[in-house]
Amino acid sequence: MTTISVTENRTARAVTDGLEPKNVILAVCLILGAAQDSILTGLAWAVHAIVFAAVLPVAYIKYGIRVGHWKDRHVGQRERRLHLIPVIMASVGIAITSMVLLDAPSQMTALVVGMLATLAAILPITAFWKISVHTSVAAGAITVLTIGISPWCAAASPLVVLIAWSRVALRDHTLGQVIAGTALGALVAGAVFAWLA
């Protein structure tokens, strides 16, 4: 392996790990929460969403690694994702239920429903093809912020390209899988958010 490819591999790993779905979820929830009419209420609901959409799923993934269900925190094995995604969907579903019952701001609820809809779209595809969750989450987040806060949020779109590059460079996905993930995340999360918010 040449020095350039080692450097590229390290950079790709840093991008994949630094911009992994849980970190993107954390960012989109906090940014949208802070943009609500009541910042404190918005941030409180952001934390609520983060617990169910990021913290609990990550805890489950860490448990799965510890007991040997999967090898890495990105759950690279497609078949294993078929077991993980429904667990995450259940956690996100609990978040939505409480948000509806407790009258959370419509944008915050729409964001989390968009997450669930995206997972629901990813699950059947994962049965036969390893679509990129990384690019799906990132594209969905940027689309939601663009619709919910400002068109200027679309300026963050190069981050999706960077994430896609990292996933392909690490040979975790093909170009087609990262493009499909990007399109799915932007379309599903964006459509659901625009409809409900």
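Structure's up top.
Summarised in this report is the structure supplied together with it. (Residues numbered from 1 in each chain as written. Predicted model: local features only at pLDDT ≥ 70, side-chain atom pairs only at ≥ 80, totals over all residues. Heavy atoms only, no water.)

**Regarding the overall build of the chain**
Helix and strand content of the chain: eight helices and zero strands. Secondary structure of the chain in N-to-C order comes out as α-α-α-α-α-α-α-α. Taken along its principal axes, the extent of the C-alpha atoms in the chain is 55 × 40 × 25 Å. Here the chain holds 197 residues, and the buried ones make up 44% of them. For the chain, long-range pairs separated by at least 24 residues make up 75% of all intrachain contacts whose partners lie at least 6 apart in sequence. Counting every atom, the chain has about 9800 Å² of accessible surface; 70% of that belongs to carbon and sulfur. A distance of 10 Å separates the average location of the 13 positive side-chain charges in the chain from that of its 8 negative side-chain charges. (Helix = DSSP H or I, 4+ residues; strand = E, 2+ residues; numbered from the N terminus. Buried < 20%, exposed > 50% of the residue type's maximum accessible area, 1.4 Å probe, protein only. Contact = heavy atoms within 4.5 Å. Areas by Shrake-Rupley, 256 points an atom, 1.4 Å probe, with all protein chains shown as cover. Lys, Arg positive; Asp, Glu negative; His and termini not counted. Charge placed at Lys NZ, Arg CZ, Asp CG, Glu CD.)

**Examining the packing of helix 7 (residues 158-169) against helix 8 (residues 175-196)**
The geometry of helix 7 relative to helix 8 is characterised by a closest axis approach of 9 Å and an angle of 150 degrees between their N-to-C directions. When the axis of helix 7 is compared with that of helix 8, the two are roughly antiparallel. When you trace helix 7 past helix 8, the crossing you get is right-handed. Counting all contacts with helix 7, which are made through Val160, Ala164, Arg167 and Val168, the residues of helix 8 involved are Leu175, Val178 and Thr182. (Axes fitted to C-alpha atoms, helices over the stretch in contact; angles between N-to-C directions. Parallel < 35°, antiparallel > 145°, perpendicular 65-115°, else oblique. Left-handed = near helix turned anticlockwise from the far one by under 90°.)

**Observations concerning the nonpolar core**
Counting 40 residues, the largest nonpolar core has Cys29 and Leu111 as its most contacted members. Taken together, the elements giving at least two residues each to this core come down to helix 2 (21-34), helix 3 (39-66), helix 4 (78-101), helix 5 (106-126), helix 6 (133-148) and helix 8. Contact partners of Leu111, with chain neighbours within four places excluded, come to Val28, Cys29, Leu32, Val144 and Phe193. In terms of nonpolar packing, the next biggest core, distinct from the first, is built from six residues, Val15, Ala139, Val160 and Ile163 among them. (Core = buried A, V, L, I, M, F, W, Y, C linked by side-chain atoms within 4.5 Å.)

**Details of the packing of helix 6 against helix 7**
With their axes 9 Å apart at the nearest point, helix 6 and helix 7 run at an angle of 180 degrees to one another. The orientation of helix 6 relative to helix 7 falls into the category roughly antiparallel. Residues His134, Thr135, Ala138, Ala139 and Ile142 of helix 6 form the contact with helix 7, whose participating residues are Val160, Ile163, Ala164 and Arg167. Of the residues contributing to the contact of helix 6 with helix 7, the split by class is six nonpolar, two polar and one charged. (Nonpolar A, V, L, I, M, F, W, Y, C, P; charged D, E, K, R; others polar.)

**A closer look at the state of the cysteines**
The full count for this structure, using the stated rule, is zero disulfides. Looking at the unpaired Cys29, the closest cysteine sulfur is the one in Cys153, lying at 14 Å. Judged by its relative accessible area of 0%, Cys29 is buried. (Disulfide = S-S within 2.5 Å.)

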